There are 2 protein chains.
Amino acid sequence: MEQEGLDALTMRALARRLGVAPNALYSHVATKTALVDDVLDDVLAAVRAPDSDRRDWQGGLRLMMASTHAVLLEHPDLVPLYLARQGARGPNAQRLGEIMLALLARGGLTGARAREAQRALIVHAIGSAAFASGAREAVGPPRAELVRTFERGLGWLLAGIAATAGVEGSRQRPH
Amino acid sequence: MEQEGLDALTMRALARRLGVAPNALYSHVATKTALVDDVLDDVLAAVRAPDSDRRDWQGGLRLMMASTHAVLLEHPDLVPLYLARQGARGPNAQRLGEIMLALLARGGLTGARAREAQRALIVHAIGSAAFASGAREAVGPPRAELVRTFERGLGWLLAGIAATAGVEGSRQRPH
DNA sequence: ACCTGAACACCGTTCAAGT
DNA sequence: ACCTGAACACCGTTCAAGT
């Protein structure tokens, strides 16, 4: 149904590959945007999430974001589309978002603070993937260096989030 | 010459606005990609950088990234283009990149470590702007919340970078 | 050096019509 | 429910030609 879809993600190219007239697609999808939304969410099905009984919330988030980054790197042409849509809206995106919030809650972060942390992590994962996807052979740093940049940034963000959670926690207990 | 350029950044629309035939543009620019590269770098001219004699390297970086984020938010339609090109390549981008490296060096970060920090900061600024630019009225969080997310993430990254610099520093001194 | 006319190979989408 | 033919209003780019 969806296939790999290199950069040939055009209505007409898709119709060509399906051996069908271009406008035939409009019997199945309302608009190209809707189709792309579906594809984007489908890709996210491959993102790995920790077992629900996991104690290590930071490790859980690290696993999820690293997996997201890796999955996005497998679909370089789609990456630019994620940021503009704020990381997709489909069922997979929603499910992953809720797991993230659950992990953050286990770390003591809730409400606006949790959503900020969640968004910062997502921006970092997709942004890093977009940055790396744009890298062509000659120009720019090698892929491995960009992956290391992602991992280090992820560590900084998680440390900062944990520190914030700590402050929140010690501020709440006295009440 | 370049103008605001909403989302009407197509060769033919630009030619139309200039009252000229579409192909006339190819006497001035080799390709659309080249034109876009020029526009992207021009926009970066508005990014503010600290005075060269500044002592506070973290504050300097914070100023630069916040200014970058603000400037990008003024050109929402261009934002998606920056990440794929890894933040433009023109003279302005290069100048800003060097100032960032100088500030990082003042904080004790050099070489691969400095480039990683630099890239993480750029990814966060552009990624946050892309995230915010995609936000439409009804759907998604309000703009102010996204700006706060950007600022908090920036703080986390700078704290992490400073900690790394500290470790590097205390490791180097014994030598 | 800078422009035009005409053309090529594309887009997304709609409309009326067929099964 | 699913497809087609034909069309509309677009793209980026090239080529030959004009001043």
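In short, a report on the structure. Keep in mind that this is a model prediction, so the values were computed, not measured.

## Topic: the interface of chain A and chain B
(1) Moving on: Counting from both sides, the interface comprises 33 residues of chain A and, opposite them, 33 residues of chain B.
(2) Moving on: Of the roughly 3,200 Å² buried between chain A and chain B on both sides combined, carbon and sulfur atoms contribute 62%.
(3) Moving on: Inspection of the chain A/chain B interface yields 8 salt bridges.
(4) Moving on: For B:Arg148, the salt bridge identified is with A:Glu116, shortest N-O distance 3.8 Å.
(5) Moving on: Between chain A and chain B we count 12 residue pairs in polar contact (both at pLDDT 80 or more) in total.
(6) Moving on: The set of elements that each furnish at least two residues to the side of chain A that touches chain B consists of helix H4 (79-84), helix H6 (111-133) and helix H7 (143-172) of chain A.
(7) Moving on: In terms of residues, the side of chain A that touches chain B owes the most to one element, H6(A), which gives 13 residues.
(8) Moving on: Split by residue class, the side of chain A that touches chain B holds 15 nonpolar, 10 polar and 8 charged.

## Looking at the pattern of salt bridges
(1) Moving on: This structure, assessed with the given rule, holds 10 salt bridges over all chains.
(2) Moving on: One connected set of salt bridges, linked through shared partners, spans A:Arg115, A:Arg119 and B:Glu145.

## Quick word on the protein's contact with DNA strand D
(1) Moving on: Close to DNA strand D lie 15 residues; A:Ala21, A:Asn23, A:His28, B:Arg12 and B:Tyr26 are nearest.
(2) Moving on: Counted by atom, the contact set of DNA strand D within 4 Å of the protein is 41% sugar and phosphate.
(3) Moving on: Take A:Ala21: an N or O atom from its main chain is 2.7 Å from a phosphate oxygen of DNA strand D.
(4) Moving on: Per-class residue counts for the surface near DNA strand D are 5 nonpolar, 6 polar and 4 charged.

## A few points about the protein's contact with DNA strand C
(1) Moving on: Contacts to DNA strand C come from 15 residues, most closely from A:Arg12, A:Tyr26, B:Ala21, B:Asn23 and B:His28.
(2) Moving on: At the protein interface, 42% of the atoms of DNA strand C within 4 Å belong to sugar or phosphate.
(3) Moving on: The side chain of A:Tyr26 places a nitrogen or oxygen atom 2.6 Å from a phosphate oxygen of DNA strand C.
(4) Moving on: At 2.4 Å from a phosphate oxygen of DNA strand C is found a side-chain nitrogen or oxygen belonging to B:His28.
(5) Moving on: For the surface near DNA strand C, the element with the highest residue contribution is helix H1 (residues 11-17) of chain A, accounting for 3 residues.
(6) Moving on: Class assignment for the residues of the surface near DNA strand C results in 5 nonpolar, 6 polar and 4 charged.

What counts, and at which threshold
Residues numbered from 1 in each chain as written. Chains lettered and ligands numbered in written order. Predicted model: local features only at pLDDT ≥ 70, side-chain atom pairs only at ≥ 80, totals over all residues. Heavy atoms only, no water. Contact = heavy atoms within 4.5 Å. Buried area = accessible area lost by both parts, 1.4 Å probe. Salt bridge = Lys/Arg side-chain N within 4 Å of Asp/Glu carboxyl O. Polar contact = N/O pair within 3.5 Å; in protein donor to acceptor, adjacent residues only side chain to side chain. Helix = DSSP H or I, 4+ residues; strand = E, 2+ residues; numbered from the N terminus. Nonpolar A, V, L, I, M, F, W, Y, C, P; charged D, E, K, R; others polar. Near = heavy atom within 4 Å.

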